[in-house]
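# Structural features, examined
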Amino acid sequence: MKKIISIGEALIDFIPNKKSCDLKDVSEFERVAGGAPANVSAVVAKLGANSSFISKLGQDAFGDYIIDVLKNANVSTDYILRTNKANTGLAFVSLKEDGNRDFSFYRNPSADMLLDPEEIKEEWFVNCHSLHFCSVDLVDSPMKNAHKKAIEYAVKNNSIVSFDPNVRLPLWNSEKDCKDAILEFMPFAHILKISDEELEFITGYNNIEDAKEVLFRGNVSMVLFTKGSKGATAYTKNNSVTINGNKVSVMDTTGAGDSFIGAFLYKLLKDNVDINSLSELEFQTIKGYLTFANYYAAYSTTKKGAISSYATIDEINVFINENK
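Under the annotation held in an unreviewed UniProt entry, the chain carries the name Fructokinase and is attributed to Romboutsia lituseburensis DSM 797. One UniProt comment on the chain, placed under Sequence similarities (unreviewed entry), says "Belongs to the carbohydrate kinase PfkB family."

## A look at the pairing of strand β5 (residues 80–83)
Examined bridge by bridge, strand β4 (residues 50–58) and β5 share four bridges and lie parallel to one another. Paired with Lys-56 across the bridge in β5 is Leu-81. In this fold, β4 hands off to helix α2 (residues 61–72), which returns the chain to β5; that crossover is right-handed.

## Quick notes on the pattern of salt bridges
One pass over the structure, following the stated rule, counts 11 salt bridges. When the shortest N-O distance is used, the salt bridge between Lys-144 and Glu-184 registers 3.1 Å. Residue Lys-144 is found in helix α3 (residues 142–156), and its partner Glu-184 is found in helix α4 (residues 175–185); the two are separated by 40 residues along the sequence. Glu-184 gets classed as partly exposed once you look at its relative accessible area, which sits at 30%. Residues Lys-149 and Glu-152 are paired through a salt bridge, measuring 3.5 Å at the closest nitrogen-oxygen approach. Separated by three residues within a single helix, Lys-149 and Glu-152 lie in helix α3, roughly one turn from each other. Connected via shared salt-bridge partners are Arg-107, Asp-112 and Asp-137.

## Quick look at the packing of aromatic side chains
Evaluation of the coordinates by the stated rule reveals 15 aromatic pairs. Consider the rings of Phe-14 and Phe-62, whose centres lie 6.0 Å apart with planes at 85 degrees: the pair is edge-to-face. Of this pair, Phe-14 sits in strand β2 (residues 11–16) while Phe-62 sits in helix α2, placing them 48 residues apart in sequence. Given a relative accessible area of 13%, Phe-14 falls into the buried group. A relative accessible area of 29% means that Phe-62 is categorised as partly exposed. Consider the rings of Tyr-79 and Trp-124, whose centres lie 4.4 Å apart with planes at 10 degrees: the pair is stacked. Pair noted here: Tyr-79 is in the loop between α2 and β5 and Trp-124 is in the loop between β7 (101–106) and β8 (128–134), with a separation of 45 residues, a long-range link.

Quick notes on the rules
Residues numbered from 1 in each chain as written. Predicted model: local features only at pLDDT ≥ 70, side-chain atom pairs only at ≥ 80, totals over all residues. Heavy atoms only, no water. UniProt positions renumbered as here; feature names shortened; annotations may be inferred. Pairing = 2+ DSSP bridges. Helix = DSSP H or I, 4+ residues; strand = E, 2+ residues; numbered from the N terminus. Right-handed = clockwise from strand over helix to strand, strands pointing away. Salt bridge = Lys/Arg side-chain N within 4 Å of Asp/Glu carboxyl O. Buried < 20%, exposed > 50% of the residue type's maximum accessible area, 1.4 Å probe, protein only. Phe/Tyr/Trp six-rings, centres within 6.5 Å; stacked < 30°, edge-to-face > 60°.

Here it is in structure tokens:
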């Protein structure tokens, strides 16, 4: 079977011991491995598919921990480099009553930002089904150009390119810099995942129908529009498929969006959907993929953290059968 590759940041999330308080009032935190692309790689691996992660970590205990967590999830860490020029990134999180989060990041720079494009190897992509990336590491740094090199090699090897902007404004010098980077990289993607909370910021429209003229540019052939508990819609240039959300008791939404796109990419890989057949998928097939991904994301919100909350294929099948 081919593999799914994710590229970008891996960091330590410090999750608070209680909800409904400001970050300054949190007294205790739990250390967990995080970073959206790393989360996606873990989803794919925990579901039983081949998954590799490209990044750079510090030569520190936190970097060691992240590699241990990814290996335990069966993610290949062969493409993770180490450096003594910066530390592994940290993020402190506060949880609101509804499970949503506020962040405070420590990465100026962090090790992932120092991954150089010359360190990306073309042979990594020979058997690559899809490449996934997000926007956090598209800040002005060597890593931004490393993304461009990875995308170049992925496209050269007929891989599907997937982009989830996953907007984190505190990491940017300005909102304009963030938006400009996202708009620069969007046309490189074949699949674009965007949430209802991000739509207006990225496109200037608060209605998805109006926003499609901005989203369907360049290589984009499918847009996955996620709406949290309200479900999701997949758009192609000529069609759309909508599924309802799942009612669950939410503990923590950390990594839920990552689990959605990871599960969706897994289904594409499992069914050998390639770059040529992506835009030709039938209505019922897309609906099945959306339904699976939405159940997977719902499951992840019932547990604390990201990678630790992700289901194996057996666990998610049991969850789906119990919640139909």
